[in-house]
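Take a look at the letters that make up each chain.
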Amino acid sequence: MSSALQAIVTGATSGIGRAAAVRFGRSGGSILAVGRDIAQLEAVVADIDAAGGRGEACQADVTLRGSPEVIVRAALERFGGITTLVNAAGIIASGNVETTSDDQWDTMMDINVDAPFRLMRAAAPHLPPSTGSIVNVSSVTGLRAFPGVLAYCVSKAALDQLTRCAALELAPKKVRVNAVNPGVVISNLHRRGGMSEENYRGFIDRSRETHPLGRPGTPEEIADLIYFLASESAGWITGETISIDGGRHLTCAR
């Protein structure tokens, strides 16, 4: 099946999204890499091609209402079909129930929940029975409560429920929907969310204590699970929100 995979991957210019795009490429897949930075898109396409796949760039802002149709149409025109949608684009920001503004809340939901929903809605009619699948990139914060990142936690919990509901609705078509729920992964996510370099170094150091296996994860580890869930090997798995977090979800918030 690997050579036949035709995947749309959002957030493909960095972190988990980029690693997933290259992972699909390593198995001979065709990948539409979606992001806003054209230079980074061209770089990841080169990495996909070098890995043995076929990469195509699609510059798009996933939060725009018209983007899902543009993205899906680009995949259909370039590959002739779609087998897989990976929603990896996402943001994080600090804030609690007293300090989170309406704009911060709306932005978090727009990127982390609304955009995946719209892309799922646009892609679903084109996903083939038995081989079609959707993988959403969620977080341990969707499964457990953590202080100081209120909107992020709620957005990921919503994404998890979206995953489960869509899995039931698409099951009659034999299209599977799952999510991966990483713990701390070494990427630019937190720095893009406003964390300073000094604080980020401390955050990574602390993750060695908060994650039972004693270290943060890598984008490549998450990408391997995403690929597995999209593959025939996971053909009887749907509606799952799978922890891949070094045991972080087993602990109390600290």
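Scroll up to find the structure this text is about.
Since the model is a prediction, treat every value here as computed from it, not as a measurement. (Residues numbered from 1 in each chain as written. Predicted model: local features only at pLDDT ≥ 70, side-chain atom pairs only at ≥ 80, totals over all residues. Heavy atoms only, no water.)

> Talk me through the packing of aromatic side chains; I want residue IDs and the actual numbers.
The tally for this structure, following the rule as stated, stands at one aromatic pair. Ring geometry for Phe-24 against Tyr-227: centres 5.2 Å apart, planes inclined by 75 degrees, an arrangement best described as edge-to-face. Of the two residues, Phe-24 sits in helix H1 (residues 15-26) while Tyr-227 sits in helix H8 (residues 219-230), which places them 203 residues apart along the sequence. Note on accessibility: Phe-24 and Tyr-227 belong to one class, buried. If you follow Arg-23 out to its NZ or CZ, it ends over the ring of Tyr-227, 4.1 Å from the centre. (Phe/Tyr/Trp six-rings, centres within 6.5 Å; stacked < 30°, edge-to-face > 60°. Helix = DSSP H or I, 4+ residues; strand = E, 2+ residues; numbered from the N terminus. Buried < 20%, exposed > 50% of the residue type's maximum accessible area, 1.4 Å probe, protein only. Lys NZ or Arg CZ within 6 Å of the ring centre and 35° of its normal.)

> Hey, could you go over the environment of Ser-130 for me, with residue numbers and the actual values?
Considering the arrangement of structural elements, one finds Ser-130 in the loop between helix H4 (102-123) and strand E5 (133-137). Separated by 50 residues in the primary sequence, Ser-130 and Gly-80 place their C-alpha atoms 18 Å from one another. Sequence-distant contacts of Ser-130, defined by excluding residues within four places in its chain, comprise Lys-173 and Lys-174. (Contact = heavy atoms within 4.5 Å.)

> How would you sum up unusual backbone geometry? Please name residues and give values.
One non-glycine residue, Ser-130, lies in the positive phi region at around 75 degrees. Ser-130 sits in the exposed class, given a relative accessible area of 55%. Phi at Lys-174 is positive, roughly 65 degrees, even though this residue is not glycine. By the secondary structure assignment, Lys-174 is in the loop between helix H5 (150-170) and strand E6 (176-182).

> Please give an account of the packing of helix H3 (residues 67-79) against H4 that cites residues and values.
In the contact formed by H3 and H4, the axes pass within 9 Å of each other and the chain directions differ by 45 degrees. Accordingly, the angle class assigned to the pair H3 and H4 is oblique. In the packing of H3 onto H4, the handedness of the crossing is right-handed. Here H3 contributes Pro-68, Glu-69, Ile-71 and Val-72 to the contact with H4, which in turn contributes Arg-118, Leu-119, Ala-122 and Ala-123. (Axes fitted to C-alpha atoms, helices over the stretch in contact; angles between N-to-C directions. Parallel < 35°, antiparallel > 145°, perpendicular 65-115°, else oblique. Left-handed = near helix turned anticlockwise from the far one by under 90°.)

> Pulling in residues and values, what's your account of H4?
Along an α-helix, residues three or four positions apart point the same way, because every turn accommodates 3.6 residues. Between its first and last C-alpha atoms H4 spans 30 Å; for 22 residues at 1.5 Å apiece the expected length is 32 Å, and the two agree. The largest bend in H4 comes to about 40 degrees, at Asp-110. (Expected span 1.5 Å × (residues − 1). Bend = angle between axes of the 7 residues up to and from the residue.)

> Tell me about the pattern of salt bridges, and please be specific about residues and values.
On inspection of all chains with the given rule, the structure shows seven salt bridges. Here Arg-118 ties to Asp-110 by a salt bridge, and the two come within 3.6 Å at their closest N and O atoms. Accessibility expressed as a relative area gives 9% for Arg-118, which makes it buried. Here Asp-110 falls in the partly exposed class, since its relative accessible area comes to 23%. Each of the salt bridges in this network shares a partner with another, and the network as a whole consists of Arg-23, Arg-26 and Asp-224. (Salt bridge = Lys/Arg side-chain N within 4 Å of Asp/Glu carboxyl O.)

> Can you tell me about H8, naming the residues and giving the values?
The end-to-end C-alpha distance of H8 is 17 Å, a good match for the 16 Å that 12 residues give at a rise of 1.5 Å each. Every buried residue of H8 is listed here: Pro-219, Ile-222, Ala-223, Leu-225, Ile-226, Tyr-227, Leu-229 and Ala-230. For H8, the secondary structure elements touched by its buried residues are H1, strand E4 (84-87), E5, E6 and strand E7 (241-244).

> A description of the environment of Leu-189 should follow, citing residues and the corresponding values.
One can find Leu-189 in helix H6 (residues 189-192). Setting aside residues no more than four positions away along its own chain, Leu-189 makes contact with Gly-90, Ile-91, Ile-92 and Tyr-152.

> Go over the side chain of Thr-210, please, and point to the residues and values.
Positionally, Thr-210 belongs in helix H7 (residues 197-210). Residue classification places Thr-210 among the buried positions, given a relative accessible area of 6%. At 3.1 Å, the side chain of Thr-210 and the side chain of His-211 are in polar contact. (Polar contact = N/O pair within 3.5 Å; in protein donor to acceptor, adjacent residues only side chain to side chain.)

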